[in-house]
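# An overview of the molecular structure
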Amino acid sequence: MAIKFKRTTTGIDFEYQSDRQSNNWVWRELTEKRWVAISYVFHFGKRDLIDPPSKSARIDEDHWYRFTFGSFEGEYVRIPGRVLDIPNDVLFPANTKFLRKTFAAERNISIFGRMARLLDHTNPIVIGGEQEGAIPLVVFEELLEKFPNSYEVDRYAEARVTTVLSQYLDGMADARAKYENYFKRRMAGSLTSKMDLDFLNKFEVEKYLLIRKAIKEALDDKMDLPEGDWQDLMISFLLLLFPKYIKVLKNVAIADYYSNPEKKTSRFIDIALVDANGNLDVIEIKKPFEDKILRKSPYRGNSIPTSELSGTIMQAEKYLFHLSKWGVQGEKKLTSKYADDLPKGMSIRISNPKAIIIVGRDQIGGGDMTGSQLLDFEVIKRKYSNMMDIITYDDLLRRLDTTIVALGGETVITRP
């Protein structure tokens, strides 16, 4: 996904191009719904589209969609609230250099969406400049740096934003008081001189219930997302689903010395995970389509993997192979490249790397797998268990159910 902000004589235009598949989904959304959400944060109506694409351009993966984003107004550029899906317009100094991170924090959290939730009015949010009540640019930049970049409950996120902005904006809801009262209620009688594990388990249950609900709703309602957007959605849960890992790395370049013996080439791992000891593993996330695990027709009475599953396994194996061959040189290269993303002093280690594959549903031909098919699938998974974990989305839900029950929560166990 590529996003650009273009300055014109009248304001700022927003340009978007998909880097993973054709752009036809944008035109489809505009035609069917009359609006489109891009990168979860930016919302445009069909009226915002500048120069609608020709029929051929609608499916051209290289086509840039261009929308009206903001208009110059004195010393400011005004961005309509509807573009950010909030009730407040946003004003920036006219010379601002806009980037995606100006509006979106890690895990696609809307910066101004959070701010608007803490206001009890619809007056414009003014950043910088001389206008009365404007948030100084230095304060806004501080907010961007301090904005929650890992999983934090909503009350804490709102309290943190309130701390920075309350002296500049009127009408701020008392989010900090709500946050502190919330934890006082939670902690009353639960923590003594000794840590109360039951108290901690309750928080763990709530965390996993929230993750399970979000994944289940995504499986029900977001199947039409492009694979890249689906991966971004799942990435937001990875460190919670697999707590041994502390960092997600995207688009990791690794060296390939074997595909062409005459020269080194580069391969790119979409998503890699780093654990608390610095060990690097690979994860492949595919969209949750049915009929992507086992072929409908058996071979001599046995269910065999689909070409997509076989291809995904082969791709993961190649990544592991090239990582292992890269060895110490690769460790130094990756440690240097990602030094700013890792805890100080940590080094990336390539030590017998493993892979996780999340793919497909436990369904074939519109129905659940039979006992025989589940057994054959288990045989396939165990064949590769020394190097990778193959998980369906139904597996994922069942694992969450089991974890929730083990921690003392209640949930309906997902079908086997």
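Residues numbered from 1 in each chain as written. Predicted model: local features only at pLDDT ≥ 70, side-chain atom pairs only at ≥ 80, totals over all residues. Heavy atoms only, no water.

With an unreviewed UniProt entry as reference, the protein is termed Shedu protein SduA C-terminal domain-containing protein, source organism Pelagibacterium luteolum.

## As for the overall build of the protein
Cut-off, in case you're wondering: A run of H or I in DSSP counts as a helix once it spans at least four residues, and a run of E counts as a strand once it spans at least two, with each numbered from the N terminus. Burial here depends on accessible area, computed with a 1.4 Å probe over protein chains only, as a share of the maximum for the residue type. Under 20% is buried, over 50% is exposed, and the range in between is partly exposed. Note on contacts: a residue pair is in contact if any heavy atoms of the two residues lie within 4.5 Å. Accessible surface is estimated by sampling points in the Shrake-Rupley manner with a 1.4 Å probe; for residues, cover comes only from the protein chains shown.
Helices and strands together make up the secondary structure of the protein, namely 10 helices and 17 strands. Here the protein, with 416 residues, has 46% of them falling under the buried criterion. Restricting to contacts in the protein with at least 6 residues of sequence separation, those with at least 24 account for 62%. Surface exposure of the protein reaches about 21900 Å², of which carbon and sulfur atoms provide 49%.

## Some words on helix α10 (residues 393-406)
The following threshold applies: Expected helix span is given by 1.5 Å per residue-to-residue step, counting one fewer step than there are residues.
Between its first and last C-alpha, α10 extends 20 Å over 14 residues, near the 20 Å set by a 1.5 Å rise per residue. Three or more residues of α10 are buried, namely Tyr393, Asp394, Asp395, Leu396, Leu397, Arg398, Leu400, Asp401 and Ile404. Phi turns positive one or two residues past the end of α10, at Gly408, with a value near 100 degrees.

## Things to note about the sheet that holds strand β11 (residues 245-256)
Applicable threshold: Strand pairing follows a simple DSSP-based rule, namely that at least 2 bridges must link the two strands. For helices, the fitted line uses only the C-alpha atoms of the stretch in contact; every axis is such a line through C-alpha atoms, and the angle between N-to-C directions lies from 0 to 180 degrees.
With respect to topology, five strands assemble into an open sheet ordered β11-β12-β13-β14-β17, the strand pairing being mixed. This sheet does not close on itself; its edge strands, each paired only once, are β11 and β17 (388-391). On average, each strand axis in the sheet is tilted by 30 degrees relative to the strand beside it, whichever way the strands run. With four bridges joining them, strand β14 (residues 355-358) and β17 adopt parallel strand pairing. Opposite Ile358, over in β17, you have Ile391 as the bridge partner. Sheet strands touched by helix α7 (residues 227-241): β11, β12 (265-275) and β13 (280-285). Its angle to β11, the strand with the most contacts, is close to 130 degrees. Its contacts with the sheet put helix α8 (residues 307-337) on β11, β12, β13, β14 and β17, and the angle it makes with β11 is roughly 90 degrees.

## A look at the packing of aromatic side chains
Just so we agree on the cut-off: Note on aromatic contacts: the rings of Phe and Tyr and the six-membered ring of Trp form a pair at centre separations within 6.5 Å, being stacked when their planes are under 30 degrees apart, edge-to-face when over 60 apart, and tilted otherwise. In this scheme, Lys NZ or Arg CZ marks a charge over a ring once it lies within 6 Å of the ring centre and within 35 degrees of the ring normal.
Applying the stated rule across the entire model yields 23 aromatic pairs. On the numbers, 6.0 Å between centres and 85 degrees between planes, the contact of Tyr16 with Trp25 is edge-to-face. In this structure an aromatic cluster arises from ring pairing among Phe5, Phe14, Phe42, Phe44, Phe67, Phe69, Phe92, Phe98, Phe103, Phe112 and Phe140. For the cation-ring pair, Lys381 lies above Phe377, with the distance from its terminal atom to the ring centre recorded as 4.8 Å.

## Regarding the nonpolar core
Put simply, the rule is: Here the nonpolar core consists of buried residues drawn from Ala, Val, Leu, Ile, Met, Phe, Trp, Tyr and Cys, with membership extended through side-chain atoms lying within 4.5 Å.
Counting residues in hydrophobic clusters, the biggest one holds 40 residues, and the most contacted among them are Phe67, Phe69, Phe92, Phe103 and Phe112. Residues Val252, Val274, Leu320 and Tyr384 belong to the second largest nonpolar core, which totals 34 residues.

## Quick notes on the environment of Tyr393
As a reminder, the rule being used: Throughout this description, a polar contact denotes any pair of N or O atoms lying within 3.5 Å of each other; where both atoms belong to protein, one of them has to be capable of donating a hydrogen while the other can accept it, and for residues adjacent in sequence the pair is counted only when both atoms sit in side chains.
Tracing the backbone through its elements, the reader meets Tyr393 in helix α10. Exposure remark for Tyr393: the relative accessible area of 0% places this residue in the buried category. Taking the C-alpha atoms as reference, Tyr393 lies 9.5 Å from Phe289; in sequence the two are 104 residues apart. Apart from residues no more than four positions distant in its own chain, Tyr393 is found in contact with Leu219, Trp230, Met234, Ile285, Lys286, Lys287, Pro288, Ile358, Val359, Gly360 and Arg361. In terms of polar contacts, Tyr393 uses its side chain to reach the side chain of Trp230, at 2.8 Å.

## Looking at the packing of α7 against α10
Axes are the key here: two packed helices are described by the angle between their axes and the distance separating the axes. Put simply, the rule reads: Any angle between 65 and 115 degrees counts as roughly perpendicular, while under 35 counts as roughly parallel, over 145 as roughly antiparallel, and the rest as oblique. Here is the rule for handedness: rotate from the far helix to the near one, and if that takes an anticlockwise turn smaller than a right angle the crossing is left-handed, while a clockwise turn gives right-handed. Residue type decides the class: Asp, Glu, Lys and Arg count as charged, Ala, Val, Leu, Ile, Met, Phe, Trp, Tyr, Cys and Pro as nonpolar, and the leftover types, Gly among them, as polar.
For the pair α7 and α10, interaxial distance at closest approach is 14 Å and the crossing angle is 30 degrees. In this view, α7 runs roughly parallel relative to α10, as classed from their interaxial angle. Helix-helix and strand crossings are classified by hand; for α7 and α10 the assignment is left-handed. In this structure, α7 uses Trp230, Met234 and Leu241 to contact α10, whose residues at the interface are Tyr393, Leu396 and Leu400. Across the contact of α7 with α10, the residue classes break down as six nonpolar, no polar and no charged.

## Brief notes about the pattern of salt bridges
Charged atoms that come close allow side chains of opposite charge to pair. To keep things clear, this is the line we draw: One speaks of a salt bridge when a side-chain nitrogen belonging to Lys or Arg is within 4 Å of a carboxyl oxygen belonging to Asp or Glu.
Tallied over the entire structure, the rule returns 19 salt bridges. Linking Asp401 and Arg212 is a salt bridge whose minimum nitrogen-to-oxygen distance equals 2.5 Å. Of the two residues, Asp401 is situated in helix α10 and Arg212 in helix α6 (residues 197-221); the sequence distance between them amounts to 189 residues. Considered together, Asp401 and Arg212 belong to a single accessibility category, that of buried residues. Arg267 is the salt-bridge partner of Asp256, the closest N and O atoms lying 2.9 Å from each other.

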